[in-house]
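What follows is the residue order along each chain.
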Amino acid sequence: MFSGSIPALATPFRDGSFDEAAFRKLVDWQIDNGSKGLVPCGTTGEASTLSNAEHHRVIEVCIEQAAGRVPVIAGCGSNDTRNALLHMQFSKKAGAAAGLCVAPYYNRPSQTGLIAHFSFLAENSDLPIVLYNVPGRTVTDIEDETVVELVRKYPDRIVAIKDASGDLSRVADHRMGLDHEFCQLSGNDELWLPHSAAGGSGCISVTANVAPALCAEFHEAIAANDLVKARALNDRLFPLHYAMFSDASPAPVKYALSRVHDWFEPDVRLPLCTASEASRKAVDEALEIAGLA
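Residues numbered from 1 in each chain as written. Predicted model: local features only at pLDDT ≥ 70, side-chain atom pairs only at ≥ 80, totals over all residues. Heavy atoms only, no water.

(A) Region of the structure containing the side chain of Asp19. Relative to the helices and strands, Asp19 resides in the loop between β3 (17–18) and α1 (20–32). Sequence-distant contacts of Asp19, defined by excluding residues within four places in its chain, comprise Pro12, Phe13, Arg14 and Trp263. (Helix = DSSP H or I, 4+ residues; strand = E, 2+ residues; numbered from the N terminus. Contact = heavy atoms within 4.5 Å.)

Here it is as structure tokens:
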């Protein structure tokens, strides 16, 4: 259902507010440079610091500006099941292709609780769901057996997963547990190449924010089974993958975007702070290696 380079878009702020003009430029730039989908209001989009009104406006602007050129997977996650459903209902009405739904953070639900949470969303909204497993942030891990149970239970509703667990064996585990093709997207840029080799169809990427053309070309090389080219591009991108997390994300990627575009401010919201001097240095060096500075 989804494939290729899909940036988890940073949300630009100016003077403390959502910078809608910059966001529209970012959406156009991403599509013009080969991104195959867009994810507003994910982790990189600082969804955890947006009010519901801001959250919905970011999604609305993204869908409006994309204008059907690529699918929009709207960030709909919450640690409150009812609030996640509210995001899904809004995103469906706005025209999103799917909702990205993270495992509830802070609450630390059991696997039974996760099944109940995602079942409630699947049964009360007809927006397709992309599961988002990032235990490093949520503490709770959506275990393989839970993913398989949910997809078997709702094959037409739960259509994909963004896996940021760092465990590449999960790609095969999911494939072996299901009797139909299931869309698996890497949530770790540095594991994009091996994840694709194991059966993944692309990446919901942080790096693609600042290097959309390179990331799109990288995926095209993978899809064409051109391993030599894919490795060469991976080598160019690899320092950037790590630089994006040289400080609390998305501060480094926002700094990188401010280096590439004079219309993008590096501002983040508390409790995050702008990228440290060491992080900025790592980003600057990575941009040079990638040929972007």
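(B) The arrangement of empty space enclosed by the protein in detail. Tallying each qualifying case throughout the model produces 1 cavity of 30 Å³ or more. Its boundaries defined by the atoms lining it, the largest cavity holds a volume of some 40 Å³. Lining the largest cavity are Asp163, Ser165, Gly166, Asp167, Leu168, Ser186, Asn188, Leu191 and His195. (1 Å grid on protein atoms, 1.4 Å probe; cavity = no way out; pocket = protein on both sides within 12 Å on 5 of 7 lines; lining within 4 Å. Points joined across faces, edges and corners; volume = space filled by probe spheres on them.)

(C) Focus on helix α7 (residues 169–177). Of all the residues in α7, the buried ones are Arg170, Val171, His174 and Gly177. End-on, the buried residues of α7 take up no more than an arc of 140°, which puts them together on one face. In this fold, the buried residues of α7 make contact with β6 (129–133), α6 (144–153), β7 (158–163), β8 (183–186) and α8 (192–198). (Buried < 20%, exposed > 50% of the residue type's maximum accessible area, 1.4 Å probe, protein only. Arc of directions from axis to C-beta.)

(D) Region of the structure containing the layout of surface pockets. Taken as a whole, the largest pocket spans an internal volume of roughly 600 Å³. The residue inventory of the lining of the largest pocket, partitioned by class, reads 13 nonpolar, 13 polar and 3 charged. Its boundaries defined by the atoms lining it, the second largest pocket holds a volume of some 260 Å³. (Nonpolar A, V, L, I, M, F, W, Y, C, P; charged D, E, K, R; others polar.)

(E) Just the side chain of His241, in detail. For His241, the position within the fold is in helix α10 (residues 227–243). Within polar-contact distance, the side chain of His241 engages the side chain of Thr207 at 2.8 Å. Leave out the neighbours within four places in its chain, and His241 touches Asp189, Glu190, Thr207 and Asn234. (Polar contact = N/O pair within 3.5 Å; in protein donor to acceptor, adjacent residues only side chain to side chain.)

(F) Region of interest: the sheet that holds β6. The 7 strands are arranged β1-β9-β8-β7-β6-β5-β4 in an open sheet whose pairing can be described as parallel. In this open sheet, the two strands that pair with only one neighbour each are β1 (4–7) and β4 (73–75). Sheet twist, expressed as the average angle between the axes of neighbouring strands with direction ignored, equals 30°. (Pairing = 2+ DSSP bridges. Axes fitted to C-alpha atoms, helices over the stretch in contact; angles between N-to-C directions.)

(G) Focus on the nonpolar core. In this structure, Phe23, Leu26, Val27, Leu38, Phe118, Leu121 and Ile129 are the most contacted members of the largest nonpolar core, which totals 51 residues. The next biggest cluster of nonpolar side chains, apart from the first, holds 28 residues, and it includes Cys203, Ala208, Ala243 and Leu287. (Core = buried A, V, L, I, M, F, W, Y, C linked by side-chain atoms within 4.5 Å.)

(H) Representation of the pattern of salt bridges in the model. As enumerated under the stated definition, the model contains 15 salt bridges in all. Residues Arg69 and Asp28 are paired through a salt bridge, measuring 2.7 Å at the closest nitrogen-oxygen approach. Taken as a pair, Arg69 in the loop between α2 (52–66) and β4 and Asp28 in helix α1 lie far apart in primary sequence, 41 residues in all. On the basis of relative accessibility, which here comes to 42%, the residue Arg69 falls in the partly exposed class. Of the charged contacts, one joins Lys229 and Glu217 as a salt bridge, the two residues approaching to 3.3 Å between their closest N and O atoms. Here Lys229 is found in helix α10, whereas its partner Glu217 is found in helix α9 (residues 212–223), with 12 residues between them in sequence. Residue Lys229 is classed as partly exposed on the basis of its relative accessible area of 35%. A cluster of three or more residues bridged by salt bridges with shared partners is formed by Glu20, Arg24, Arg57, Glu60 and Glu64. (Salt bridge = Lys/Arg side-chain N within 4 Å of Asp/Glu carboxyl O.)

Function-wise, these values are silent; they only describe arrangement.
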